[in-house]
Amino acid sequence: MGCGRVPSAVLVCLLLLRPLPSPACPPACRCVLGEVNCSGHGLREVPQSLPTNTSSLWLGYNFIMMLGPHCFPPLPELLLLSLPHNRLEMIHSLALAGFRALQELDLSNNHLTVLTPETFLPLSSLTVLNLGDNRLEELEPEVLGALPQLQTLLLQNNPWVCSCSILPLWLWLNHNREKVQEKHSVLCRFPEHLDKYPIMAFGNDSFRHCQETSLSIQQYIIFLTIGPFSFMASIFFCIFMGSITVAYHNLCREPHLCRRSHTRRGH
């Protein structure tokens, strides 16, 4: 019997003849059961033809310098994004949009210097963030505050500047000590006298000078005295010089006086 005589048989025939859909996989990647490994292939940007069922994406050891807006294709099931050992210098605020399911993000061993809270706002499910071995000198606590589910944070081997500007980050770290991994590797780089000093070893007294008045009362009095005095002195000097100039011009209006003045100068 031909499969065209029985409707159900026709359907079966069509299904058998139709090729099974296969998820797209970039040539430089290896895709197996939701895991996509594109590491070490000299990539300069994120591949676009990625399987939509990707749950783990490995992009380490490439030459990616920037994550632009919407640089990733839609990956609603992505749980892990690994980007270590690239040349990342900038992450656009819309680069990670749509990654609400993402749980782990590895940005270690890159060239990042600045991060903004807007970049991490879409990552409402993120639990692990690795920012180690970058070029971060400071980090706004709002960046970490945008991650409500964060449980593990790595900040080691960054050139932290331990001035008063790091106080907000120090407060966040001390209130979330259980989340900070490799505490002994979160070290000051600047100023020189604090080089390699652990940030989390600072005490409350270490930042007392940041909250106090930097000038003493005597210094304020001197400042308030010298300021107006120098201002008034400059005004009187300008008036004095102006008066001399006007007097000289008035003198020269009388020829005999002006001539006499020039004669004296000649002698």
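Reading guide: rules and limits
Residues numbered from 1 in each chain as written. Predicted model: local features only at pLDDT ≥ 70, side-chain atom pairs only at ≥ 80, totals over all residues. Heavy atoms only, no water. UniProt positions renumbered as here; feature names shortened; annotations may be inferred. Helix = DSSP H or I, 4+ residues; strand = E, 2+ residues; numbered from the N terminus. Patch = residues over 30% accessible without salt bridge, like charges linked within 9 Å, V, L, I, M, F, W, Y side chains within 5 Å. Areas by Shrake-Rupley, 256 points an atom, 1.4 Å probe, with all protein chains shown as cover. Salt bridge = Lys/Arg side-chain N within 4 Å of Asp/Glu carboxyl O. Lys, Arg positive; Asp, Glu negative; His and termini not counted. Charge placed at Lys NZ, Arg CZ, Asp CG, Glu CD. Disulfide = S-S within 2.5 Å. Buried < 20%, exposed > 50% of the residue type's maximum accessible area, 1.4 Å probe, protein only. Phe/Tyr/Trp six-rings, centres within 6.5 Å; stacked < 30°, edge-to-face > 60°.

**Details of the UniProt feature "domain: LRRNT" (unreviewed entry) in the protein chain**
In the UniProt entry, the feature "domain: LRRNT" (unreviewed entry) is given for residues 24–56. Helix makes up 0% of residues 24–56 and strand 21%, whereas the separation of the span's terminal C-alpha atoms amounts to 15 Å.

**Notes on a negative patch on the surface**
Residues E118, E137, E138, E140 and E142 make up a contiguous surface patch of negative charge. Along the chain, E118 turns up in helix α2 (residues 117–120).

**Concerning the state of the cysteines**
Counted by the stated rule, this structure contains 4 disulfides. Paired through a disulfide, C29 and C38 show a sulfur-sulfur distance of 1.9 Å. The sign of the S-S torsion, about 105°, decides the handedness of the disulfide formed by C29 and C38: right-handed. The disulfide that involves C162 links it to C188, with 1.9 Å between the sulfurs. Here the disulfide of C162 and C188 is left-handed, its torsion about the S-S bond being about -95°. Taken as a pair, C162 in the loop between β10 (160–161) and α4 (167–175) and C188 in strand β12 (residues 188–190) lie far apart in primary sequence, 26 residues in all. Under the relative-accessibility criterion, C188 is labelled buried at 2%. Sequence-ordered numbering of the bonded cysteines in the protein chain gives a disulfide pattern of 1-3, 2-4, 5-7, 6-8.

**As for a nonpolar patch on the surface**
Taken together, the side chains of F237, F240, M241 and I244 present a nonpolar region at the surface, about 420 Å² in accessible area. Residue position: F240 is located in helix α6 (residues 217–252).

**Some details on the pattern of salt bridges**
Enumeration according to the criterion identifies 1 salt bridge in this entry. Salt-bridge contacts for R208 lead to D205; the nearest nitrogen and oxygen are separated by 2.7 Å. A relative accessible area of 55% places D205 in the exposed class.

**What to know about the packing of aromatic side chains**
Two numbers describe a pair of aromatic rings. These are the distance of the centres and the angle of the planes. Evaluation of the coordinates by the stated rule reveals 4 aromatic pairs. Note on F72 and F99: the rings are 5.2 Å apart at their centroids and 65° apart in plane angle, and the pair reads as edge-to-face. A residue pair is termed long-range when its members are at least 10 positions apart, and F72 in the loop between β4 (66–67) and β5 (80–82) and F99 in the loop between β6 (90–91) and β7 (104–106) qualify at 27 residues. Consider the rings of W170 and F207, whose centres lie 4.9 Å apart with planes at 40°: the pair is tilted. Here the residue W170 occupies a position in helix α4, and F207 occupies one in the loop between β12 and α5 (208–211), the gap between them amounting to 37 residues. F207 shares its class with W170; the two are buried.

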